[in-house]
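# Fold and geometry: a report
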Amino acid sequence: MNRSQNTELETRVESLLSQMTLEEKAAQMMQIPFSYVPREEALRWARLGAGSFLHVLGDDARELQQIALGTRLGIPVLFGIDAIHGHALNDHATVFPSQLAAACSWNPELVEQMGRVTAREVATDGLHWTFSPVLCLARDTRWGRVNETFGEDPYLTGELGAAIIRGYQGDRLDGEESITACAKHYIGYGEAVGGRDACDTEMTYRKLREVFLPPFKRAVEAGVATVMTAYGSIDGSPFTASEKSLKTILRDELGFDGFVVTDWDNVTSLVIRQFVAENMDEASLLAANAGNDMIMTTEAFYDSAIRLVRTGRMDERILDAAVRNILRIKFEMGLFERPEKRGKPGCFACAEHLEASLTLARESITLLKNDGVLPFGAGVRRIAVIGPNADDIRAQYGDWTYFTHPAANRRQEPVRPYTTVLEGIRAVAGEQGVAVSYSRGCGVLDSTADDLDGALEVARGCDAIVLVVGDVPEQAGETKDRADLALSGRQEALFERLKTLSIPIVTILVASKPLCVSHVVEGSSAFLAAFNGGMLGGQAVAEALFGRINPSGKLPISFPRHSGQIPVYYNQLPGWHGDKYVDLPQTPLFAFGEGLSYTSFAYSNLRLDADTRAVSVSLQNTGGQAGAETVQVYLRDRVSSVLTPVKRLVAFEKVWLAAGETRELVFSLTREDFSLVLPNERRVVEPGEFVIFVGGSSKDEDLLSGTIFVE
Ligand code: BGC
């Protein structure tokens, strides 16, 4: 049922709305950045009846809420926070793997659990709303915010996005532990030209519908209560001012029935960054008319909105519609009955939550190369752990934690519990009587303490080297795009020096995104991507190295060989000469969907049923131990009136099999899976032949294929 069809709720909304003055309506649309305005100013906004504040932690939220409840109509404030991978701006909360790392698990259940735990902790802090999940696609990996995405694929992003939304919002928004999710950034933010954050996006409506809309459609189906407007533009119109995208597509077509919040200061951007409005009145009019209900951080909107209505330039019904959308969610959340969420006192980083973070970290570990050195066997008695990210919890956490966000209760010192890779290895190795030595070797950015010779000495005589390289928070996040994705500082030089010892090197990538590590991978005996593994990511890595867990991650994103190769996402459109460079292949170093295990799997007996659109396959664990395989189903439209991708993911399932076990899997494809978007923006199925691929990665050599005819 659409939210506005709940008559009891609508009666309450209409009754409250009818009592509101113009000023109260304008205030209800405001979201004030608590930590960016002077305290007195924030309190004044609360007295004016501001609808929302963001980035408020602890007692300040209580104080603001009391003020709001004491206003004429007593409409409760909605508190929003960026709880992006855990409620991590709070330094005592559980830090989960980044969205990108979480996506490596290809496990919607665990991602839903991440959402649930995060919601419980956010609610326990008395807050209501997280600006998550990010449903942008990371196709140009120079972009600083790759870590915040579920990777490059629309289908995987949609499935995991829906899962985390279920986790945040629970069965009911008024549940003690439920918080409101926010699907962002609507839309195409990741497609910024040159990977330059918040820059213009190169997009057409056909492309928007074909590639970027499907995850938002899934989010709306999952009941997401809020959506955030992206910074970019389409066909020359900023999304902030795009009625077509915000009203026609999002509300009328997808049926979104929550409220839309702008991103940070989008309205001012219309004047001073995108130059489509002369002044703030004009910008406010554009944004409100387009369908933005809540205005993040643009304080000038309040006066402008009032002035616009008073002078007859804006219809007050525009404000009514926005306020209605906001109040509906506040009522649905039960804020009028219980303005403060209660969560579960004592739950911050409790055993159950740590377990959820660890389980996800374990399943996110993605083994990409292994010449047999892993798991470490009895022959490995001494290990040297080397590298800048081996013992750096900031690097392991990545962006959006109390280390990186100015609004957080930012402490200089990391808060326990957490386990770095070095600590994890020490713990597991200790139990097995394996000696561990350590040297940082070099920095990632700062080279003042580099000691390559020292690292060499530490590693000399060991049976294996675990080299932990990557990036640091200064190289990832908003405004932190990179032109060059090679390992920074002297990390490659460190690797070169270690190579001279002729000891097997196992390289671990602790980073916000795929970096260009061809050279290092080539010279390593094993390579494992951990990305930002969260609080216990280091323990998960150690367990994988020693075979206590069997790696089961698969890449949700492709690894370029070189920055100049970007983009390398797998679902590109077919072409002619673009299959190679003069100096490099065009294929990625590691492809979407790739990931090894300590066991092996065999696919056979692919069957396609054109009538039911069922895809069946047999999967056998052909190795010597239990393990998980993520079975991936891809589709290619053989001949279509518009170009369609060489293949695109349409289904997947992660399956656990005992050694020797065989399982029959059946995937039921929907008619929509076979559809495409025409130049006139209509989604249709063009009858004809489709190639179905099934296997363990997006690479042709890993896939069985067959043809199906669809009417
Ligand atoms: C980001 C959003 C974030 C918001 C509030 C913006 O700059 O683009 O993703 O939710 O700030 O912190």
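Residues numbered from 1 in each chain as written. Predicted model: local features only at pLDDT ≥ 70, side-chain atom pairs only at ≥ 80, totals over all residues. Heavy atoms only, no water.

### Topic: the site of the ligand
As a reminder, the rule being used: A single heavy atom is enough: if one lies within 4 Å of a molecule or strand, its residue is considered near that molecule or strand. Under the rule applied, a polar contact is a pair of N or O atoms within 3.5 Å (in protein, one hydrogen donor and one hydrogen acceptor; residues adjacent in sequence only if both atoms are side-chain atoms). Per-residue and other accessible areas follow the Shrake-Rupley method at a 1.4 Å probe size, with only the shown protein chains counted as cover for residues. As a working rule, the residues Ala, Val, Leu, Ile, Met, Phe, Trp, Tyr, Cys and Pro are called nonpolar, Asp, Glu, Lys and Arg charged, and the rest polar, with Gly in that last group.
Around the ligand, 14 residues are found, and the nearest of them are D82, R145, H185, D263 and E478. D82 places a side-chain nitrogen or oxygen 2.5 Å from an oxygen atom of the ligand. In the environment of the ligand, an oxygen atom lies 2.8 Å from a nitrogen or oxygen atom belonging to the side chain of Y231. Burial of the ligand by the protein chains amounts to 96% of its free accessible area of 310 Å². Of the residues contributing to the shell around the ligand, the split by class is seven nonpolar, two polar and five charged.

### Focus on the pairing of strand β3 (residues 78–81)
Filter applied, for reference: Only protein chains enter the area calculation, which uses a 1.4 Å probe; residues under 20% of their type maximum are buried, those over 50% are exposed, and those in between are partly exposed. Helix and strand definitions here come from DSSP, where helices need a minimum of 4 consecutive H or I residues and strands a minimum of 2 consecutive E residues; each element is numbered from the N-terminal end. DSSP-based pairing: two strands are paired if at least 2 bridges between them are found. Seen with its strands pointing away from the viewer, a crossover is right-handed when the path leading from the first strand over the helix to the second is clockwise.
Alternating positions in β3 separate into two faces, L78 and G80 on one and F79 and I81 on the other, with burial throughout. In this structure, strand β2 (residues 52–54) lies alongside β3, joined through three bridges in parallel fashion. By the bridge assignment for β3, S52 is matched with L78. For the crossover that starts at β2, traverses helix α4 (residues 59–69) and ends in the parallel β3, the hand is right-handed. Examined bridge by bridge, β3 and strand β4 (residues 129–130) share two bridges and lie parallel to one another. Note that in β4 the partner of G80 across the bridge is W129.

### A look at the sheet that holds β3
Strand order in the open sheet made by the five strands is β4-β3-β2-β1-β10, with parallel pairing throughout. Of all the strands in the sheet, just β4 and β10 (295–296) have a single pairing partner and so form its edges.

### Focus: the packing of helix α11 (residues 280–290) against helix α12 (residues 300–310)
Cut-off, in case you're wondering: An axis is simply a line fitted to the C-alpha atoms; with a helix, the fit covers only the stretch in contact. Between two such axes, the angle follows the N-to-C directions and lies from 0 to 180 degrees. The labels follow the angle: roughly parallel below 35 degrees, roughly antiparallel above 145, roughly perpendicular from 65 to 115, and oblique for the rest. Between two residues, a contact is recorded if the distance between any of their heavy atoms is within 4.5 Å.
Contact geometry of α11 with α12 gives a least axis separation of 9 Å together with a crossing angle of 85°. The pairing of α11 with α12 is recorded here as roughly perpendicular in orientation. From α11, M280, D281, S284, L285 and A288 reach across to α12, where they touch A300, F301, S304, R307 and L308.

### Points about the environment of I393
By secondary structure assignment, the location of I393 is in helix α15 (residues 393–397). Sequence separation between I393 and D463 is 70 residues, and the spatial gap between their C-alpha atoms is 26 Å. Ignoring anything within four residues of it in the chain, the contact list for I393 reads F403, P414, Y418 and T420.

### Side note on helix α14 (residues 351–364)
Quick reminder of the rule: Expected span of a helix: the number of residues minus one, times 1.5 Å.
Taking 1.5 Å of rise per residue, 14 residues should cover 20 Å, and α14 covers 20 Å from first to last C-alpha, within 8% of that figure. Burial in α14 covers these residues: H353, L354, A356, S357, L358, L360, A361, E363 and S364.

### What about the environment of W129?
Structurally, W129 can be placed in strand β4. A residue is classified by how much of its surface remains accessible, and W129, at 0% relative accessible area, is buried. For the pair W129 and E243, spaced 114 residues apart in sequence, the C-alpha separation works out to 25 Å. A distance of 3.0 Å separates polar atoms of two side chains, one belonging to W129 and the other to T226.

### Focus: empty space enclosed by the protein
Selection rule: Only protein atoms enter the 1 Å grid used here. Points where a 1.4 Å probe fits but cannot escape make up a cavity, open sets with protein on both sides within 12 Å along at least five of seven lines make up a pocket, and a residue lines them when an atom lies within 4 Å of a point. Grid points are joined across faces, edges and corners, and a volume is the space filled by probe spheres set on the points.
Using the criterion set out here, one finds four cavities of 30 Å³ or more in the structure. Each pocket or cavity is described by its volume, and for the largest cavity that value is around 50 Å³. It is α4 that provides the largest number of residues to the lining of the largest cavity, a total of three residues. Of the residues contributing to the lining of the largest cavity, the split by class is three nonpolar, three polar and three charged.

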